[in-house]
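Working through the structure, step by step
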Amino acid sequence: MRAPSFSGPSNSFPFTAIVGMDDLQLALILATISPAIGGVLIRGEKGTAKSTAVRALTEILPPVDVVPGCRFSCDPDHPDSSCPDGPHAVLEPAPDRDALGRAAAERAASQGAGGRGVRAARLVELPVGATEDRVLGSLHLEKALAEGVTAYEPGLLAAAHRGLLYVDEVNLLHDHLVDVLLDAAAMGRASVERDGVSVTHPARFVLVGTMNPEEGELRPQLLDRFGLTVDVVASRDPAVRVEVMRARLTYEADPESFVARYDGAQRELAERIVKARDLLTEVILTDSALRQIAEICASFDVDGMRADLVTARTAVAHAAWSGRTVVEVDDVRAAAKLALPHRRRRNPFDAPGLDDQQLEEAINNSTPPEDPDDDPSPGGPGSSGGSDGNEAGDHRQADGSGESTDKGAEPAGTQHAGTDTADPTTAADATAPDRLPSNAGDRRKGPEDQTTESDGAGVAPSGEVVGSSAPYKARLLSVQVAGAGVAGRRSRAITEVGRVVGDRGRVGHEAGRPHLLGTMRNAAPYQKVRGRSGPGLVVRADDVRLAVREGREGNLVLFCVDASGSMGTKKRMGEVKTAIVSLLLDAYQRRDTVGLVTFAGAGATVALPPTGSVETAVRRLESLPTGGRTPLAEGLLQAAEVLRIAAIRDPRRRPLLVLVTDGRATHGENAFARARQAAGWLAQRGIATVVVDCEPRRGIRLGLSAELAADLGAEYLDLGDVAAGNLIRTVTERKAA
């Protein structure tokens, strides 16, 4: 066994000093013990030490042997034959780290001892706003221009090879970068084919992502790539919160003394990780344990086989972490609690989570009778299990065996965020929904406030909440004029990816894809001055033009919803909510930001400020009551104010206002005239708008929504045209007529 070479105290917050995050620490440790698990996704509210824990992890990881001078950190014992800096020969064994330690080993390596290098464990951070060239690497423009050679400049994936790749706010990552990560995570390699560069290099890393669910969820494809997930919430126990504050304030007052206090615990934890790595291949995963894992995954109705494989690998890693050579029931339980919650989502609006009672029932139903020939470690119902000779994976919560644990590393038998069964925002939304003013104080009610439809649906009492039906595929609503926004999947815009539509100048040493024709055209007029004497062009760095590409952008889709009494027919309000939920589902798939403004009674309410969490918007919409008069003008003005503030915070994200109303305005003097005036004011500011008309299809139709759409310069849709299929049918019928 090669012992860890711990570098000693540093000024970063110690991993073992983190308080109350046992599940998070265990998941990170298991992922580093067995990288085959596939990384960790950390979901939680802001201010819960997510990033602190990830960055502190590298301080306790063992160093990495590398080929000296290799930009891709190739393993000297198993060099990659396709490395762009290769080929590499197999080098001599590394220095004895038991005697040297990390610092001495690095000094020996720098002096050429063993013909190999040693570097500390590396954490590479991928910024949310990174370009594809920065992630994958690109052509080295300066060398190409100055020396005329095609040189490859490695990107972040190359730097993360054999280390950790950390993406903070991974749910906000652009779709094209998500695709790059998916390919690299699946293949363990990164390929670059552009600008005369053709390179493939190894890119095997532990992917760690953090996110706040209120800002939106991940695409299902990327979510499934994370082996483990942990939900983190701040403890509600005052004693724990006091301990957290005391630790942080003490650290800030004297970082060196605080870190030195945890030096022994850090070394002990580093040694335990290395022992677990060495023990990993010796852990047995028996057939009975495999059957148990399969039955648990089947009982939770997860898609595909990745859940089974990750759970098995995690159970093996947990057994190695606990110092056992046979997987037991506690290992399977811990693995399931970390590997399954994010794989149970049946639709985008389901909150991830795991029902502990259902898990225990599945474990009890799948636990076979004790068999002395199959179970090498009998001794009670808590010790039955098994193992097969597979490699390990990783997983979560403490085993209940009573073994000694490291502070802040081995989880205690307490309930933590990883076992929560609901989104952190669910409880607040369920107990304190945003209520709108009712019509109790109205002086009078117009006939439009008591409308009933001839199809038999009754009017919902004021304040009653009407639910939606199953969503359907909605038609695409978009901003018609192309702009320059945030990369997404809705409206046409100038983005970093897409088809080439022109070229532009390069700012400083800005990276990007050069536009060959534009660069040549820019350099051509200066060839005589530059003394060109032969074929070809003399090109300088300031001649380079970058390609301008047109793709799709994500928008701020703000729903302005009429919740007044005239919308209170049960069937009609149910149809309205179903249409909006369908549009929200479309916004989720297109990675938009959404907001919700409602108006009823005497005013308008911002039910949900602009956010990336479409799930929260759905919950707020479902709890929306109806009743009261229709303050249409107030609703439009409130929507305009929300869009004004949003433009200050995120000027690149263009808005799309979706007004859902029957057009009737009944609050205040000259209600409809004021509404039309507000609509004209919005139109002057160039806000792209879609009006969804909710007026009943039967009986007398006033057509007020159509007039309002004309004032707004908006696209006009009947409620029935929101569904993509209905729109096609409507257009066909109109053409036939």
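Further up the page is the structure itself.
In what follows, the accompanying structure is described. Only a predicted model underlies this, so the values are computations on that prediction, with no experimental measurement involved. (Residues numbered from 1 in each chain as written. Predicted model: local features only at pLDDT ≥ 70, side-chain atom pairs only at ≥ 80, totals over all residues. Heavy atoms only, no water.)

The subject of this paragraph is helix H11 (residues 263-279). Three- or four-residue spacings in an α-helix give side chains the same orientation, since the helix completes a turn every 3.6 residues. Taking 1.5 Å of rise per residue, 17 residues should cover 24 Å, and H11 covers 25 Å from first to last C-alpha, within 8% of that figure. Where H11 is buried, its residues touch helix H1 (22-33), helix H10 (255-261) and helix H13 (306-321). (Helix = DSSP H or I, 4+ residues; strand = E, 2+ residues; numbered from the N terminus. Expected span 1.5 Å × (residues − 1). Contact = heavy atoms within 4.5 Å.)

With that settled, the discussion passes to the sheet that holds strand S10 (residues 206-211). Strand order across the open sheet formed by five strands is S4-S7-S10-S1-S11, with parallel pairing between neighbours. A single partner strand is all that each edge strand has here, and the edge strands are strand S4 (123-125) and strand S11 (228-232). Between one strand axis and the next, the sheet turns through 20° on average, direction left out of account. Examined bridge by bridge, strand S1 (residues 40-44) and S11 share five bridges and lie parallel to one another. Bridge pairing links Ile-42 to Val-230 in S11. (Pairing = 2+ DSSP bridges. Axes fitted to C-alpha atoms, helices over the stretch in contact; angles between N-to-C directions.)

Once that is clear, we can look at the sheet that holds strand S15 (residues 556-562). Sheets are built from strands that pair by backbone hydrogen bonding, the pairs being arranged parallel or antiparallel. Ordered by their spatial adjacency, six strands build an open sheet running S17-S16-S15-S18-S19-S20, and the pairing between neighbours is mixed. Among the strands making up the open sheet, the edge pair consists of strand S17 (603-611) and strand S20 (715-718). Sheet twist, expressed as the mean angle between neighbouring strand axes with direction ignored, is 15°. Where S15 meets strand S18 (residues 655-661), six bridges bridge the pair, whose relative direction is parallel.

The next thing to look at is helix H21 (residues 671-684). For H21, with 14 residues, the first-to-last C-alpha span of 20 Å sits near the 20 Å given by 1.5 Å per residue. Restricting attention to buried positions, one finds in H21 the residues Ala-671, Phe-672, Ala-675, Ala-678, Ala-679 and Leu-682. Buried residues along H21 cover an arc of 115° about the axis, so they all sit on one side. Set apart from the buried face of H21 by more than 90 degrees, the exposed residues are Gln-677 and Gln-684. Those residues of H21 hidden inside the fold are in contact with helix H20 (632-649), S18 and helix H22 (704-712). (Buried < 20%, exposed > 50% of the residue type's maximum accessible area, 1.4 Å probe, protein only. Arc of directions from axis to C-beta.)

Contact pair H21 / H22: the axes reach a minimum separation of 7 Å and the direction vectors enclose 35°. Contact residues: Phe-672, Ala-675, Arg-676, Ala-679, Gly-680, Leu-682 and Ala-683 in H21; Leu-704, Glu-707, Leu-708, Asp-711 and Leu-712 in H22. Its residues placed into classes, the contact of H21 with H22 shows eight nonpolar, one polar and three charged. (Nonpolar A, V, L, I, M, F, W, Y, C, P; charged D, E, K, R; others polar.)

Here we come to the pattern of salt bridges. Tallied over the full model, the rule gives 19 salt bridges. With its nearest N and O atoms 2.9 Å apart, the salt bridge here joins Asp-85 to Arg-71. Of this pair, Asp-85 sits in the loop between strand S2 (64-66) and helix H3 (97-110) while Arg-71 sits in the loop between S2 and H3; the two residues are 14 residues apart in sequence, bridging distant segments of the chain. Residue classification places Asp-85 among the partly exposed positions, given a relative accessible area of 25%. When salt bridges that share partners are traced, they join Arg-324, Glu-328 and Asp-331 into one network. (Salt bridge = Lys/Arg side-chain N within 4 Å of Asp/Glu carboxyl O.)

A few words now on the packing of aromatic side chains. The description of an aromatic ring pair uses the distance of the two centres, along with the angle that the planes make with each other. Per the stated rule, a full pass over the model turns up four aromatic pairs. Taking 5.1 Å as the distance between ring centres and 75° as the angle between the ring planes, the aromatic pair formed by Phe-13 and Tyr-251 counts as edge-to-face. With a gap of 238 residues between them, Phe-13 in the segment before H1 and Tyr-251 in helix H9 (residues 238-253) connect regions that are remote in the sequence. The exposure class assigned to Tyr-251 is buried, which follows from its relative accessible area of 11%. Between the aromatic rings of Phe-258 and Tyr-262, the centroid separation amounts to 5.1 Å while the plane-to-plane angle is 50°, which identifies the pairing as tilted. Of the two residues, Phe-258 and Tyr-262, neither departs from the other in class, the shared state being buried. (Phe/Tyr/Trp six-rings, centres within 6.5 Å; stacked < 30°, edge-to-face > 60°.)

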